[in-house]
Amino acid sequence: MNIDHRWFRVFFVVLLVVLLLPFPYSYLTAADSYTYDSSVGEQVAPERNATTVIVADSHGGGSVASVAPDGTLQYYNTTYDAYHDVDQVTGQPSTVEYIAHEIIPASQCAGGTAGNGDCYRTVIERLDVETGETTQLYSRIRPKRGSTAAHDFDRIDENRVAIAEIGEPDRVSIVNTETGIITWTWDPQSDLPVTSGGIFPDDWTHLNDVEVLNDSRIMVSLRNQDQVVFVNRSTGMNDSWTLGEDDDHDTLYEQHNPDYIDASRGGPAVLVADSENSRIVEYQREGESWTRSWEWSDDRLQWARDADRLPNGNTLITDTNGGRVLEVDRQGEIVWSMDYAGPYEAERLTTQPESKDGESAQSNELVSRSEGGGQTSSEGGTSITRAVVDLFPPLLINGALYMLPVWVTPISVVCLFGAIAVVIGWAGFELYHSPYRISVTTE
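Residues numbered from 1 in each chain as written. Predicted model: local features only at pLDDT ≥ 70, side-chain atom pairs only at ≥ 80, totals over all residues. Heavy atoms only, no water.

*Asks:* For the pairing of strand 3 (residues 73-77), give the residues involved together with the corresponding values.
*Replies:* As paired elements, strand 2 (residues 63-67) and strand 3 share four bridges and run antiparallel to each other. Across the sheet, Val64 pairs through a bridge with Asn77, a residue of strand 3. Between strand 2 and strand 3, which pair antiparallel one after the other, the connecting turn spans five residues, and Gly71 there sits at a positive phi close to 90 degrees. (Pairing = 2+ DSSP bridges. Helix = DSSP H or I, 4+ residues; strand = E, 2+ residues; numbered from the N terminus.)

Pasting the structure below:
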């Protein structure tokens, strides 16, 4: 039986329309919730007992925002192209410090960039979210190579900070912000083979987090090696303390922002955003090894990049591709949430930076929750859309989400892949049934 080819074309058109419908739906239902340019003074979140400061990198358009306890937007700024780490300044309840970056055209880069085009200006600034007063503490220009802007810093004292540098150089450095002098560095090449991780030297380790511990060791997140490592400033990396292993994605998969919880608060433990696994996990040190002691995710969590343990035992989570910042209680229930475009990190004020006021999951007897878990699935299981998304490699889904507008959802990306497959199939169908043929003649 011959079927008119026009019916096949109608089928392809209908299929394409169905697959592309999630895009306008996502835009109409989510786009406005990510727009805060003119919302200062308006309520943008539920009430909470303290101020929340949020920063977003280039995926979120580059922004820093402060949400007051009553849920109103207190401060919002988009001066820089990307903002990363944000911490409260000890003893100053309305003041934070952040690291941020702006792209400088090659013609304005001091001394040029060795023929490599544009460069980054990396700054560390201090901001009073109540007055809006900003003070620049540090500035440095470095070559621009993809996502190689420094992502994190940790204050040691009033004059010194440790900075996690990405790309060239790929290292941890301790810098005097008054003089600009680097007083100490750790290069991962001294302890790790360059065959591990990513492409050497352009984005080898993607060293995205640094934390100076009370015993003077330095905890470092090597994203591309799927490892959190501990460095002694005199002897280098302590292999026996390493959490994770290159390509051991059951433990960590391209993590961000690990926080150390010391023995006085129920540790040693490490709370970390296990980004490509789209979950928050905590590992407890038991003897000479690490044991997973807590895990949290729900159907919406997608490429989380920060988690802070609060003094009350709750956990503040930054859900980058899920487009929100949320707080979960000891039972794993969401008790506060707000939409935000591509958030990178969040800080709850009146606490010490990161998780330095929080206790371990084991000490708090936290309840683990995995996908679904009663959060967004009425039957307490994993939703159909989440199950479909999980069929695809997380690097593929999250990479596409990072490149597309922030209102695009994971299921929209899956449908986009389907639409591309339909277009290819349609083109093959038309080529096969075309009356024209390509012929090659030889003389």
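*Asks:* Please provide a residue-by-residue account of the side chain of Thr318, values included.
*Replies:* Mapped onto the elements, Thr318 comes out in strand 22 (residues 315-319). Residue class for Thr318 comes out buried when judged on its relative accessible area of 0%. Here Ala346 takes part through its backbone nitrogen, which lies 3.3 Å from a polar atom of the side chain of Thr318. Excluding residues that lie within four positions of it along the chain, Thr318 makes contacts with Ala304, Arg305, Asp306, Arg324, Pro343, Tyr344, Glu345 and Ala346. (Buried < 20%, exposed > 50% of the residue type's maximum accessible area, 1.4 Å probe, protein only. Polar contact = N/O pair within 3.5 Å; in protein donor to acceptor, adjacent residues only side chain to side chain. Contact = heavy atoms within 4.5 Å.)

*Asks:* Please give an account of the pairing of strand 19 (residues 279-286) that cites residues and values.
*Replies:* Most of strand 19 sits out of view: seven of its eight residues are buried. Following strand 18 (residues 269-274), the chain reverses through four residues before pairing antiparallel with strand 19; Ser278 in that reversal takes a positive phi of roughly 50 degrees. Between the antiparallel neighbours strand 19 and strand 20 (residues 289-296) lie two residues, among them Gly287 with a positive phi of about 65 degrees.

*Asks:* Before we move on, could you go through empty space enclosed by the protein and cite the residues and values that matter?
*Replies:* Applying the stated rule across the entire model yields two cavities of 30 Å³ or more. Here the largest cavity is characterised by a volume of approximately 70 Å³. As for the largest cavity, its lining consists of Ile99, Thr122, Tyr138, Arg140, Arg142, Ala150, Ile163, Glu165, Arg171, Ser173, Val175 and Ile182. Of all the secondary-structure elements, those providing two or more residues to the lining of the largest cavity are strand 7 (134-143), strand 9 (160-165) and strand 10 (171-176). Its residues assigned to classes, the lining of the largest cavity comprises six nonpolar, two polar and four charged. (1 Å grid on protein atoms, 1.4 Å probe; cavity = no way out; pocket = protein on both sides within 12 Å on 5 of 7 lines; lining within 4 Å. Points joined across faces, edges and corners; volume = space filled by probe spheres on them. Nonpolar A, V, L, I, M, F, W, Y, C, P; charged D, E, K, R; others polar.)

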